[in-house]
Amino acid sequence: MTIYPTADARKAAAAARALQDVADGMTLGLGTGSTAAHFVRALGSRVREGLKVRCAATSEETAALALSLDIPIFELDALGTLDLTVDGADEIDPDLSLIKGGGGALLREKIVAAASRAVIIIADDKKAVETLGAFPLPVEIVPFAHRTTMQRIAEAAAMAGCAQNLVTLRGGDAHPFVTDGGHYIADCDCGRIPDPETLAAMLASIPGIVDHGLFIGLASKAYIAGEGGVTEQGQG
Ligand code: 5RP
């Protein structure tokens, strides 16, 4: 039976399921992207009904949306360890390893996720994959010598056994995409990433890389919505 016929309806359903895990008084991390925005809007309705939460946002875009809905936003430094973060993802594998950063917010998303006791990933079923890599891996890099850094990223992807290693500058040279932190995003089309841990370690050792979109060991569980309903992946 089809309950959620569109990807957007599935995103909203996953977000609604995650909202059930939010309790009064919690500190929350708010993710970035269209799925996370569904969660923020649903949370805003609960806040207007009286739910008390204190939140940190993973992007300026999410902060603006939350504030427009009267959700209290604080600096992460003011909240310390968060009770829960709810965020979207570009790909989710069976181990709950993720590719994130399609919206360009991966650095703040990773900082907020790492500062959270639990991280719930919400997504439509197109994001669930057996092996990461079909979605180009976003890598946040400093503008200085970015072409050199992009070459190092391509070499790392090849050495880590990825099926391919085509690296492009998001937005192109004329109008590069600039993150909230003032950095560029290099998207590495890996085709298939057979060993995400090895690639993550290699990328982390390259000067010029601020962070990368492989999120390994950060997600506690995922709510994945398909046409028939929402399923839970992993342990809370
Ligand atoms: C932003 C992200 C998003 O969570 C990811 O791109 C998924 O976005 P959407 O929910 O719009 O499909 O990592 O940096």
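In case you missed it, the structure is sitting above this.
Keep in mind it's a predicted model, so treat the numbers as computed, not measured. (Residues numbered from 1 in each chain as written. Predicted model: local features only at pLDDT ≥ 70, side-chain atom pairs only at ≥ 80, totals over all residues. Heavy atoms only, no water.)

**Notes on the environment of leucine 203**
Thought 1: Turning to its location among the elements, leucine 203 is positioned in helix H7 (residues 196-204).
Thought 2: Owing to a relative accessible area of 1%, leucine 203 belongs among the buried residues under this scheme.
Thought 3: Sequence separation of leucine 203 and alanine 156 is 47 residues, and the distance between their C-alpha atoms is 6.7 Å.
Thought 4: Dropping the residues within four chain positions of it, leucine 203 is found in contact with Leu137, Val139, Ile153, Ala156, Ile209 and His212. (Helix = DSSP H or I, 4+ residues; strand = E, 2+ residues; numbered from the N terminus. Buried < 20%, exposed > 50% of the residue type's maximum accessible area, 1.4 Å probe, protein only. Contact = heavy atoms within 4.5 Å.)

**A look at the side chain of serine 97**
Thought 1: Inspection of the secondary structure assignment puts serine 97 in the loop between strand E4 (91-92) and strand E5 (98-99).
Thought 2: Take serine 97: its relative accessible area is 5%, and that puts it in the buried class.
Thought 3: In this structure serine 97 touches Glu91, Ile92, Leu132, Phe215 and Ile216, once residues within four positions along its chain are discounted.

**Describing the state of the cysteines**
Thought 1: One pass over the full model with this rule turns up 0 disulfides.
Thought 2: The thiol of cysteine 190 is not disulfide-bonded; the next cysteine sulfur, from cysteine 188, is found 3.6 Å away.
Thought 3: A residue is classified by how much of its surface remains accessible, and cysteine 190, at 0% relative accessible area, is buried. (Disulfide = S-S within 2.5 Å.)

**Details of the pairing of strand E13 (residues 229-234)**
Thought 1: Both strand E12 (residues 221-226) and E13 contribute to a ladder of 6 bridges, which runs antiparallel. The residue of E13 that forms the bridge with isoleucine 224 is threonine 231.
Thought 2: Counting the residues in the hairpin turn of E12 and E13 gives 2 residues. (Pairing = 2+ DSSP bridges.)

**Quick notes on the pattern of salt bridges**
Thought 1: Evaluation of the coordinates by the stated rule reveals 14 salt bridges.
Thought 2: Between aspartate 87 and lysine 100 there is a salt bridge, with its nearest N and O atoms 3.0 Å apart. One end of the pair, aspartate 87, is in strand E3 (residues 84-87); the other, lysine 100, is in the loop between E5 and helix H5 (106-114), and 13 residues separate them in sequence. For the pair shown, aspartate 87 and lysine 100 are each scored as buried. (Salt bridge = Lys/Arg side-chain N within 4 Å of Asp/Glu carboxyl O.)

**A short note on the packing of helix H1 (residues 7-19) against helix H2 (residues 34-48)**
Thought 1: Following both chains from N to C, one finds H1 and H2 inclined at 50°, their axes separated by 8 Å at the closest point. In this view, H1 runs oblique relative to H2, as classed from their interaxial angle. Read as a crossing pair, H1 and H2 show a hand that is right-handed. Residues Asp8, Lys11, Ala12, Ala15, Ala18 and Leu19 of H1 lie in contact with H2, whose contacting residues are Ser34, Thr35, His38, Phe39, Ala42, Leu43 and Arg46.
Thought 2: Taken together, the residues of the contact of H1 with H2 sort by class into 7 nonpolar, 3 polar and 3 charged. (Axes fitted to C-alpha atoms, helices over the stretch in contact; angles between N-to-C directions. Parallel < 35°, antiparallel > 145°, perpendicular 65-115°, else oblique. Left-handed = near helix turned anticlockwise from the far one by under 90°. Nonpolar A, V, L, I, M, F, W, Y, C, P; charged D, E, K, R; others polar.)

**Quick word on helix H6 (residues 146-159)**
Thought 1: In a regular helix each residue adds 1.5 Å, so 14 residues correspond to 20 Å; H6 covers 20 Å between its end C-alpha atoms and thus fits that length.
Thought 2: Three or more residues of H6 are buried, namely His146, Thr149, Met150, Ile153, Ala154, Ala156 and Ala157. In an axial view of H6, the angular spread of the buried residues amounts to 160°, which keeps them on one side of the axis.
Thought 3: At the C-terminal side of H6, glycine 161 shows a positive phi close to 85°. (Expected span 1.5 Å × (residues − 1). Arc of directions from axis to C-beta.)

**Points about the sheet that holds strand E1 (residues 27-30)**
Thought 1: As summarised here, the arrangement of the 6 strands in space is E2-E1-E3-E6-E12-E13, forming an open sheet in which the pairing is mixed. Lying at the two open borders of the sheet, with one neighbouring strand each, are strand E2 (54-57) and E13. Neighbour-to-neighbour, the strand axes of this sheet turn through a mean angle of 20°, independent of strand direction.
Thought 2: Sheet topology note: the strand E6 (residues 119-124)/E12 ladder contains 5 bridges and is parallel. Looking at the pairing, isoleucine 120 lines up with lysine 221 of E12.

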